[in-house]
Every structure is written in structure tokens, then in C-alpha cells.
Amino acid sequence: MDDTGTLTLRPLTARSIVLSTLLGHHPPELPARALVRVGALFGTAEGTVRVALTRMVAAGDLEQHGGAYRLTDRLLARQARQDDSRAPRTRSWDGTWEIAVVTPDRRPAPERAALRQAMAALRLAELREGTWLRPANLVRPRPPVVAEQCGCFTATPEDDPAALAARLWDLPEWAGRARRLADALDAACSPADRFTVAAAVLRHLLTDPVLPDELLPRGWPGADLRGRYDAFERDFRGELRQYTAP
């Protein structure tokens, strides 16, 4: 949102069309002609799509095999995170929190950046420099970068856990944008508008802290937004089959 509270969305580009199409396709590989047809659905010229494909291969986003393009390992990891964001694996919460504390005194900037990225994917929040935590209600493996840089513990806070969660995450801001995105998804009519809003919804779901119900404000919109996206995905992927079919 901008300073006036208006919902702002990233513009639709040839790269975003290709990337969103492949991220939503299983397996994430399609021939160039299928991606060109999808681009045409949004009014993007064939030459523009093919230039985007060439640039994405050069940037390491895609691999080319014959006439087909597929996601590289880095983006396969992103696809897995997106899939998980739509149906995060949770367990019953017993009140404990997982805590990761950075142990090395000094770390090169690339190592710090890699850890920050990993913590975001794990949905941990930073209490202070080098101390990350969240309620222990999620089921997912920790990547090696966490074990290499952190000591990991579980503990129970003495203070109000809901107040701690509210300190770590801006829950009203997340909920407000989620509701605006849900309204925008309902209101979108053209394929381009629906595609653009849906991509923004998926990015927003990646930042949902997925907290236990006990720690969430009343009326939390996370499950509703996931349901609306799933309904869009079923309908839209059905429409895309005629463009992505061999």
C-alpha cells in the first residue's frame, strides 16, 4: 500500500508472466510456444516473451532443454515455499517457542544475508540482532545455513505470548493488506488483472507468520485469503490448460 492506504501492485511484465506460469505449473517446465501463448493471453508480443526467456536463462532463473524452459534449483526452492505458504504444515502448539541465536562473533555479509533469507523462509522474526524466534507450531526442516550460524533452543516466555507476537510481527498491517487483496481478487475481471492480483496474494501469503490461533487477533484473514487464492488457482489453471497444453 502507498501512503494513502491504496493497494499498489507490481506491473505485469513478460518476466513475471513466465515466472508465475512456471511457478504454478507442476512440473515447472513448458515449451517456449506454450509460454508465448500465455503471454498472448495478456497482450504480450511473442518477441517480448522470447527476449524475456533469453534474459532469464542468462540470469540463472531458467534452464533451456531443447525447446522447453524450466526453473533452476534456486527457483524450485521458491516454488516449494510458495506451495507451503498455501498449506503450511502445523502441529498443536504447547506454548513453547523455537529460538535461534547467532553464535559466530563475525560473519561476512553474504553469510548474514543467507541467514536472514533462511529465517524469513522459516517464518522466524528477529527479537534483536542475532536472536530469532517464533511459536513452535510449524513443521519444516531447517536448512544447513541455520545450523552453521546458530544455536537452536526451545523455551517458554514468561510474559504474555500474544504481546510478544504483536511485538515481533505487524499483525494489523498484514491483515489489512490481506483483506484489500481479497477484495481486489474478487473485483478483478480481466485475465491480466486477475493474474496480477493473484501473484500479489501469493507473495503476501509467503509473509504470513502462521501463528497459533491463540496469538492471532480476532478475525485473522489468513485462512480466508488462502481459500480465495485456491479457488482462483483452480479456475485460472483450468483456463490456462488450453494455452499450456503441448
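Note that the structure is predicted; figures quoted are calculated from it, not measured. (Residues numbered from 1 in each chain as written. Predicted model: local features only at pLDDT ≥ 70, side-chain atom pairs only at ≥ 80, totals over all residues. Heavy atoms only, no water.)

Take the side chain of arginine 226 next. One can find arginine 226 in helix α10 (residues 222–244). Residue classification places arginine 226 among the buried positions, given a relative accessible area of 11%. Beyond its immediate chain neighbours, meaning those up to four positions away, arginine 226 contacts Ser85, Arg86, Pro88, Leu205, Asp208 and Val210. (Helix = DSSP H or I, 4+ residues; strand = E, 2+ residues; numbered from the N terminus. Buried < 20%, exposed > 50% of the residue type's maximum accessible area, 1.4 Å probe, protein only. Contact = heavy atoms within 4.5 Å.)

Bridge analysis of strand β4 (residues 97–102) against strand β6 (residues 131–135) gives five bridges, and the strand direction is antiparallel. Looking at the pairing, alanine 100 lines up with tryptophan 132 of β6. Pairing of β4 with strand β7 (residues 150–155) involves six bridges; the strand directions are antiparallel. In the strand pairing of β7, isoleucine 99 is matched with phenylalanine 153. (Pairing = 2+ DSSP bridges.)

Note that phenylalanine 153 resides in strand β7. The class of phenylalanine 153 is partly exposed, set by a relative accessible area of 48%. Note: C-alpha distance between phenylalanine 153 and valine 101 (52 residues apart in sequence) is 8.3 Å.

What follows is about the sheet that holds strand β3 (residues 68–71). The strand order across the open sheet formed by three strands is β1-β3-β2, and the pairing between neighbours is antiparallel. Pairing within the sheet leaves two strands with one partner each, and these edge strands are β1 (29–31) and β2 (62–65). On average, each strand axis in the sheet is inclined to that of its neighbour by 25°, with strand direction left out of account. As judged from the three bridges shared by β1 and β3, these two strands associate in the antiparallel manner. (Axes fitted to C-alpha atoms, helices over the stretch in contact; angles between N-to-C directions.)

Overall, the coordinates contain 12 salt bridges when judged by the stated rule. Taking the shortest distance from any N to any O, the salt bridge between aspartate 84 and arginine 89 comes out at 3.9 Å. Arginine 89 gets classed as partly exposed once you look at its relative accessible area, which sits at 47%. Note that arginine 140 and glutamate 98 form a salt bridge whose closest N and O atoms lie 3.1 Å from each other. Here arginine 140, found in the loop between β6 and α6 (144–149), pairs with glutamate 98, found in strand β4; they are 42 residues apart in sequence, far enough to count as distant. Each member of the pair, arginine 140 as well as glutamate 98, carries the same accessibility label: buried. (Salt bridge = Lys/Arg side-chain N within 4 Å of Asp/Glu carboxyl O.)

What follows deals with the nonpolar core. Grouped together as the largest cluster of nonpolar side chains are 36 residues, with contacts concentrated most on Trp97, Leu168, Trp169, Val201, Leu211 and Leu225. Mapped by element, the contributors of at least two residues to this core are α7 (161–168), α8 (171–187), α9 (191–205) and α10. With eight residues, α8 is the largest single contributor of residues to this core. Contacts of valine 201, omitting those with residues within four sequence positions, involve Leu181, Leu225 and Tyr229. (Core = buried A, V, L, I, M, F, W, Y, C linked by side-chain atoms within 4.5 Å.)

All right, on to the pairing of β6 then. The element β6 is largely enclosed, with a buried count of five among its five residues. By the bridge criterion, three bridges tie strand β5 (residues 125–128) to β6 in an arrangement that is antiparallel. Counted as the bridge partner of glutamate 126 is tryptophan 132 from β6. The turn joining β5 and β6, which pair antiparallel and follow one another in sequence, is formed by two residues; a positive phi near 85° is taken by glycine 130.

In this section: the packing of helix α2 (residues 32–41) against helix α3 (residues 46–58). In the contact formed by α2 and α3, the axes pass within 9 Å of each other and the chain directions differ by 125°. Between α2 and α3, the crossing angle belongs to the class labelled oblique. α3 is crossed by α2, and the crossing has right-handed handedness. Residues Ala32, Leu35, Val36 and Gly39 of α2 form the contact with α3, whose participating residues are Glu46, Val49, Arg50 and Leu53. Across the contact of α2 with α3, the residue classes break down as five nonpolar, one polar and two charged. (Parallel < 35°, antiparallel > 145°, perpendicular 65-115°, else oblique. Left-handed = near helix turned anticlockwise from the far one by under 90°. Nonpolar A, V, L, I, M, F, W, Y, C, P; charged D, E, K, R; others polar.)

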